[in-house]
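Geometric and topological summary
What follows is each chain in one-letter form.
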Amino acid sequence: MISVEEALEKVLSYVDVLEAESAPILESQGQVLAEDIVSKIDIPPLDNAAMDGYAVRADDTRGASGQSPRFLRVIDTVIAGAISRREVTQGTAVRIMTGAPVPAGADSVIRFEDTDEAGRQSSNSHEIGILCEVRSGLNIRCAGEDIARGATVLGKGTVIRPAEVGVLASLGMSTVKVIRRPVVAVLATGNELVDISQPLPAGKIYNSNTYSVAALVRRYGGIPKILGIALDSEKSLVTKLRQGLDADMLITSGGVSVGDYDMVKDVLASEGEISFWTVRMKPGKPLAFGAFRGVAKNGSPRRIPHLGLPGNPVSSMVTFELFARPAMLKMMGKKNLAKPVIDAVLEEPVVNTDGRRMYIRAIITKRGNKHYARLTGPQGSGILTSMSLANGLVVIPEDTARARAGDMVKVIMLGWDEENNI
Ligand code: AMP
Ligand code: MG
């Protein structure tokens, strides 16, 4: 039995960063930039008004006040998207809307509220009274103040979030080069399993692992390829697994314990290689990992990493979070592979009977400036609703035989993603 750390190290040693692809910017969210993004334009492209008002020369406002307005001749109106061909010369102003380019000659924008516009009959007046002095540059957003032409705006390796999608759009980019998403083939094993599209005969259960695992694959940015259900026979397993050999990773659930029909290890041994098959953790001890022999597009031999998750629905989800997720993130070019971990006060005692690292499903709440962890209820690895109730996994170390109420514990926050880390 190896430790969680050793197991993770082995899993990660079998996966590499995938190739880059060109993706539409909106689809690239969560992916990692495969190139530096250098701006070809200034943003904003021209000096423009930050307020609705009048473009003026600051000099022309000297001495202006509510008691003694300075009157300027209005020579044009310019709205966002248009360009005024008039030049603001001494004694003149151009009426201007937010976002419109500042006309030549003007060095500031005075907002409507600081003019006598509101008191006038018509906004088409040829004259405007200025009610205060302004300084040069007031209410003007300068060309290139957000992004200067030639600047590296986003570096290679950046994870695309909504803000980056917006930045790319502001540069006029419709597609971007990112590390592609891993395709993860998902296969359930077990003679007892029935697909959700079928009625449930006596003695059978619905296959839930395929769906929880495929949902996790999607959540972490991968593309699930569902291979269905294999029977507990070597032939059925191999046939189904071969349909997944074009994937970047194979994930099976079930068939990894020591029962008569637990074939996954045998198949791994005959069709590839086993790296390990038990981990000192609970749930999730019977976790098998290795590589399946496949063929790359160019005909050369290829190893496809294969994670054999335990069949129990909680075990398969927990082991996915601990091993499949970081493997996927590594393939996607991410650097931070760990889920966020916080310290919390344990509210109930936990007994660790056999020296494995325990991952307890827990409900984490924040009271004052502390987090508290209470168990979701019974912790059997078949109780999938415990995962549904949980927002965190309390980690009880291997060498802790008993954790008491009031002890500080580490909690893996299931609901938080690594991009939230600061
Ligand atoms: P195994 O690891 O194959 O011995 O399975 C352990 C337990 O998990 C058994 O009770 C199985 O019926 C159950 N199980 C295995 N695969 C699935 C699945 N895909 N969906 C729901 N339960 C499963
Ligand atoms: Mg089974």
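Before reading further, recall that the structure is shown in the block above.
This section reports on the structure supplied with the text. (Residues numbered from 1 in each chain as written. Chains lettered and ligands numbered in written order. Predicted model: local features only at pLDDT ≥ 70, side-chain atom pairs only at ≥ 80, totals over all residues. Heavy atoms only, no water.)

1. Details of the overall build of the protein
For clarity, the cut-off: Helical segments are the DSSP runs of H or I of at least four residues, strand segments are the runs of E of at least two, and each set is numbered from the N terminus. Radius of gyration here uses only the C-alpha atoms, and the compact-globule reference equals 2.2 Å multiplied by the residue count raised to the power 0.38. Buried, partly exposed and exposed residues are distinguished by accessible area as a fraction of the type maximum, computed with a 1.4 Å probe on protein chains only: under 20%, between the cut-offs, and over 50%, respectively. Using a 1.4 Å probe, the Shrake-Rupley method yields the accessible areas, and only the shown protein chains count as cover for residues. Asp and Glu count as negative and Lys and Arg as positive, but His and the ends of the chain are not part of the count. Note that the charge is assigned to NZ on lysines, CZ on arginines, CG on aspartates and CD on glutamates.
Helix and strand content of the protein: seven helices and 27 strands. Over its C-alpha trace the protein gives a radius of gyration of 31 Å, far above what one expects of a compact globule, namely 22 Å for 422 residues. Dimensions of the protein, computed from C-alpha atoms along their principal axes, come out at roughly 95 × 60 × 40 Å. Considering the protein as a whole, with its 422 residues, one finds that 47% of them fall into the buried category. Carbon and sulfur atoms provide 52% of the accessible area of the protein, an area that totals close to 20200 Å². If the 49 positive side-chain charges of the protein are averaged to one point and the 48 negative ones to another, these points end up 3 Å apart.

2. Brief notes about helix α2 (residues 162–170)
What counts here: The arc under discussion is defined with respect to the helix axis, by the directions toward the C-beta atoms. Contact between two residues is taken to exist if any of their heavy atoms lie within 4.5 Å; hydrogens are not considered.
When we look at burial in α2, the residues that qualify are E164, V165 and L168. For α2, the arc enclosing every buried residue in end-on projection is 105°, short of the 170-degree limit, so these residues lie on one face. For α2, the secondary structure elements touched by its buried residues are β2 (37–38), β10 (152–154) and β11 (175–179). Looking one or two residues past α2, G172 carries a phi angle of roughly 80°, positive in sign.

3. Digging into the side chain of T319
Where we set the bar: Distance and chemistry together define a polar contact, namely a pair of N or O atoms within 3.5 Å, with one atom able to donate a hydrogen and the other to accept it when in protein, and with adjacent residues in sequence counting only for side-chain atoms on both sides.
When you line up the elements, T319 lands in helix α6 (residues 313–331). Only 2.6 Å separates the side chain of T319 from the backbone oxygen of S315, close enough to count as a polar contact. Once residues lying within four places of it in the same chain are set aside, the contact partners of T319 are M281, G284, L287, L309, P310 and A324.

4. What to know about the packing of helix α4 (residues 234–242) against helix α5 (residues 264–271)
Cut-off, in case you're wondering: For every element, the axis is a line fit to its C-alpha atoms; helices are fit only across the contacting stretch, and the angle between N-to-C directions ranges from 0 to 180 degrees. Angle categories are assigned with fixed cut-offs, so that under 35 degrees is roughly parallel, over 145 is roughly antiparallel, 65 to 115 is roughly perpendicular, and the rest are oblique. The handedness criterion is simple: a crossing whose near helix is rotated anticlockwise from the far helix by less than a right angle is left-handed, and one whose near helix is rotated clockwise is right-handed. Under the scheme applied, nonpolar residues are Ala, Val, Leu, Ile, Met, Phe, Trp, Tyr, Cys and Pro; charged residues are Asp, Glu, Lys and Arg; polar residues are all the others, including Gly.
The N-to-C vectors of α4 and α5 enclose an angle of 60°; their axes lie 10 Å apart at closest approach. Taken together, the axes of α4 and α5 are oblique relative to one another. Crossing geometry of α4 relative to α5 is assigned as right-handed. Residues E234, L237, V238, L241 and R242 of α4 touch α5, and the partners they reach there are V264, D266, V267, S270 and E271. Here the residues of the contact of α4 with α5 are counted per class, giving five nonpolar, one polar and four charged.

In short, the description is geometric, and any link to function would need to be established separately.
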